[in-house]
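A closer look at the structure
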Amino acid sequence: MIISTNWLADYVQLPGTVDDLVERLLMSGLNHEATWAVGGDTAVEIEVTSNRPDCLGHIGVAREAAVLYGRPLHVPDPRPLEAGGEAARSVTVVIEAGDVCPFYTARVIRGVRVGPSPAWLVDRLATVGIASVNNVVDVTNYVMLESGQPLHAFDLAKIRGGRIVVRRAVEGEPFTAINHKTYTLSERMAVIADGERPVALAGVMGGADTEIGPETTDVLLESAQFAPLPVRAAARGLALASASSYRFERGPDPAMVDWASRRAAAMILELAGGTLDRGAVAAGVLACAPATIPLVASRVSDVLGVEVPASRQADILTQLGFVEEPGSPDRIRRYRAPSWRRDCWREIDLVEEIARIEGYDRVPEDAVIAARPVELSAREVTLRRAGEVLVGAGLCEAMTRSVVTEASAATPSPWGEADPLVIAPALVRGADRLRRSLLPSLLEARAGNVAAGIDDADLFEIARGYLARRETSAAGPVEEPLLASFVVGGEFARAKGLVDAVLGGLGVAGGTSRLEWRPLDLSPLARGRAAEVRLVRSGHAPARIAVVGEVAAAELGRLGLRGPVSAAELRLDALEFAAALERPLVKPSDFPAVDRDINVVVDASVPWGDVEAAIHAAAGELLDTCRLVQVWEDAERLGAGRKSFVVALTLRSAAGTLSGEEAGRVVDAVVAECGRRVGATLRG
Amino acid sequence: MTAAVPLDAFLADLERLRADAERTLAGAADAAAVEAARVEFLGARSGRLKAIQKALGGLAVADKPAGGRHFNDVKTAIGALLATAQERLGAPGHDVLSAIDVTLPGTPVLRGHLHPITRTIRRVQEIMGRLGFESVDGPEVEDQWHNFEALAISPEHPARDPLDNFYLAVARGADPLLLRSQTSTVQIRVMENREPPLRIVSLGRVYRPDTADATHYPMFHQVEGLLVEPGTTMAHLKSVLRLFASSFLGGDVRVRFRPSFFPFTEPSVEVDMEWGGRWVEMGGAGMVDPAVLEAVGYDPDVVSGFAFGLGVERIAARRHGVDDIRDFYRNDVRFLRQF
């Protein structure tokens, strides 16, 4: 809302500077956007919150200023001479849809001379950024900007049948607005029609067919109430927002419907001549029911934390237009809200009015807050630990969009097969699918870096995925797993090492839980170079908690990435349980370790994991560490289809120094168990 | 058999040797003098220490441990004196011979970086944690009740317009679902499940259909605080925000309230903090609207509370001098590695 300070001075005489006015308005709820000079006038743009449609007119702003400066407010009381015939004889008004238009009035002015507006009117409109059209149209704009009540003037000669019908639009009905564009209407919108066709989009814009032009002599002046929803449906649905729709979406002062009509009629008579017909043709019932609100004086300090004397409370409310009901007891006063403050209907609303006029700078800022214990949630602990490990490993945290393109969303998710969820409108162009995995976004982010000439962007992200639940469960149709994902340069082993580090950092395995690595075939990971990690936990079904793998060559090629690139995604929400686990400390042994290397030969199909499990089972508590040193295949020396694992074992006892013989017995047991489980033989 | 060397004489020789070495090395004026001293005292073939070592063998058996101890002490001491002298004169001693070019690069350690948005959120969490506020989280896909109705946002309110929200194609029965447009939804969920007293900060991603530009992005982060305790007033709100601002920005930061409007708070205010000599808008706040307290089953006559919300991108941008918030989502590591 742009206000003219000259215009404001018509209603209230202000002693201070414009800057002082701006500051006072700012601190009482009308935010300042900008101030600039226009000719001999000053324009001040203020931001009016949606609860204050009264301040979408100069009178409303003047009323605020009058209260802030303690000055009287002068609002004119227009009484135009009704020298013509009975308006209702030539015009009929019918409201067919009372839900979109509770109240409609029409005045008729005959014999006007449409022409240019006087300079003062042109100037005032120019200050607030509105171009002059002609004297009649300018008056309707002027009165709207004065009162906050939108008006519309029709050329009465073009209203067929002298009939005004307010109804819902017919689905698909065409309408040409005064901007000479044609719109297709929906039944969510409302129109003003004459005997034959729509002549205005109710509350939004008039029609081209009936607009005021140089040839106009008779004017039908509309002043009405329109409900917010059909107005918004039209303004938003057709991208046709106007000063009028903006006000009707917020609800102008009902008392201004008639006032604005009289005011505009008087100004048209003065500026364009003509004769006003007697009376306004009205239909419907004016919706205006100001609330009566009780206020307990002590309530103000209960909310604000500062005392405002009861007499001062009463002064503020009275100046704002609230009327104290006679016979109120002193402790509980009752106030009737003014018609322009339909946002005030509860005691707390009165408290806010008192607070904003009294000023929030009176609220103390040294109140005491008692100390309270705070704990980090398991989720916070989990996502922080995972992030710490990945940052420690040199990765950068990325943030990518939760909503992706259809192509990106089509990438299979490790977490569910249901189709991605669709939203409207799209988040950004083309992106209207909630992602089921973060990996496609991270691969795209890595590709974006490559395009910028950076080949080593190792990125991770911790964010939600969104999965449609198959059946409507009590938890709702959408599951939101918390995912930690990364994309790094390097082969499978690097990604596996990072996953191990995260899982180790979370303390997931151990005690009654263990991890199980299994081959996985899941795009965009390369077949034969990918795995899933399952958590096997007593009392729970084994569950996939991570996928890891090298990114398939085709995917790399599509994104312009050079391999090898590996990726992983972990389901952190499934790992939150570990945050609460207390792992018992294992006291390090004081006794020396014994190192033994073994070289076991197995069939090429035997996975290392099986050999490792056999070693752990056989060596038991005496196994300190078991490190795979080398894997090699050599048909000549090992035989075709065989491979060898060179393993460095470190043995150590917590009870005493291991002798060579004891160590030898452990190694024998390990070799025997490997033989039993996976047919391993000891080499050399 | 010759008579044993007397211990006294042996020790006296050692001390004389030590004194001579001290004097000679301290007086050595150049590397050549140091080297000459090294040959004189520690020379492998004809050094004076070598000569005394021979005398060590001549000590009586009972005297040998004491003599050996002293011999070793003196040998160590002279070695140290030599090193000191070499260092002093820059003589080509053992360590100096292998001196390295200290300007050569170190073994690279790739440092990872948390995203500036995460860092800002953590900092807010940490400060609010000290004030007794616990971090909570909730779903991003929300229903009408939690995103609007419980927050006193009526069906006619413009905030509910389909064009101003991201609605899902699926619904829960007849209830449309949407991506949450504010994290206040989490506050409703916590209040529905817990009784006061309550102090929480809810944080996370929120979604509003804004066209992306330097100051808008359709996905952004909010941090919202909520305190519900009997006897809470706006003075508590202002005090908590002042403590927050002073911790976050450093120094004694002033806080200013300007009247505003939000459906779920009453009174509602915009919060300005003094930053760099100017008032900077940090977010919105207010007393929890009685209608919201009633919606979650609290009695507004018994408890009251306040809530405030901060836009994380805005704070992070200002803090780090980022002039286009889209940079936060470009994921260019040249940007990310600066945090």
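All of the points below concern the structure found in this document. (Residues numbered from 1 in each chain as written. Chains lettered and ligands numbered in written order. Predicted model: local features only at pLDDT ≥ 70, side-chain atom pairs only at ≥ 80, totals over all residues.)

**Brief notes about the interface of chain A and chain B**
Many authors give the size of an interface as the accessible area that is lost as the parts come together. On the chain B side, the residues contacting the 74 residues of chain A number 64 residues. Those elements that place two or more of their residues in the side of chain A that touches chain B are helix H7 (228–237), helix H10 (297–304), helix H12 (347–358), helix H13 (378–392), strand E19 (396–397), strand E21 (423–424), helix H15 (439–451) and strand E23 (459–464) of chain A. Looking at the side of chain A that touches chain B residue by residue, the class counts come to 41 nonpolar, 16 polar and 17 charged. Sheet analysis places E21(A) next to strand E3 (residues 167–172) of chain B, joined by two bridges and oriented antiparallel. Within E3(B), the position partnered with Ile423(A) by the bridge is Leu168(B). (Contact = placed C-beta atoms within 7 Å. Helix = DSSP H or I, 4+ residues; strand = E, 2+ residues; numbered from the N terminus. Nonpolar A, V, L, I, M, F, W, Y, C, P; charged D, E, K, R; others polar. Pairing = 2+ DSSP bridges.)

**Focus on the nonpolar core**
Nonpolar side chains tend to gather and get buried jointly when the protein is soluble and globular. Residues and elements named next belong to chain A. Within the largest apolar cluster, 247 residues are counted, with the highest numbers of intra-cluster contacts made by Val191, Ala202, Ile268 and Phe486. Among the elements that make up this core, the one with the highest residue count is helix H9 (residues 256–272) (eleven residues). Here Phe486 is in contact with Leu390, Leu395, Leu442, Leu459, Phe460, Leu498, Ala567 and Ala568, once residues within four sequence places are set aside. Residues Val606, Ala614, Phe645 and Val666 belong to the second largest nonpolar core, which totals 20 residues. (Core = buried A, V, L, I, M, F, W, Y, C linked by C-beta atoms within 7 Å. Buried ≥ 20, exposed ≤ 12 C-beta atoms within 10 Å, placed from the backbone.)

**A look at the sheet that holds strand E6 (residues 219–229) of chain B**
Residues and elements named next belong to chain B. Reading across from one edge, E1-E5-E6-E10-E9-E8-E7 is the order of the seven strands in this open sheet, with mixed pairing throughout. This sheet does not close on itself; its edge strands, each paired only once, are strand E1 (134–136) and strand E7 (255–262). Strand-to-strand twist across the sheet, computed as the mean angle between neighbouring axes with direction ignored, equals 25 degrees. Two strands pair when backbone bridges link them, and strand E5 (residues 198–207) and E6 are joined in this way by ten bridges, in the antiparallel orientation. If you follow Ser202 over to E6, its bridge partner there is Glu224. Sheet contacts for helix H6 (residues 116–130): E1, E5, E6 and strand E10 (304–311); angle to E6, the most-contacted strand, approximately 5 degrees. (Axes fitted to C-alpha atoms, helices over the stretch in contact; angles between N-to-C directions.)

**Concerning the environment of Ala297(A)**
Residues and elements named next belong to chain A. Among the secondary structure elements, Ala297 is positioned in helix H10. Overall, Ala297 belongs to the partly exposed group, with 17 C-beta atoms counted inside 10 Å. Measuring from C-alpha to C-alpha, the distance between Ala297 and Val351 comes to 9.3 Å, with 54 residues separating the pair along the chain. The residues contacting Ala297, other than those within four sequence positions of it, are Ala310, Gln313 and Arg331.

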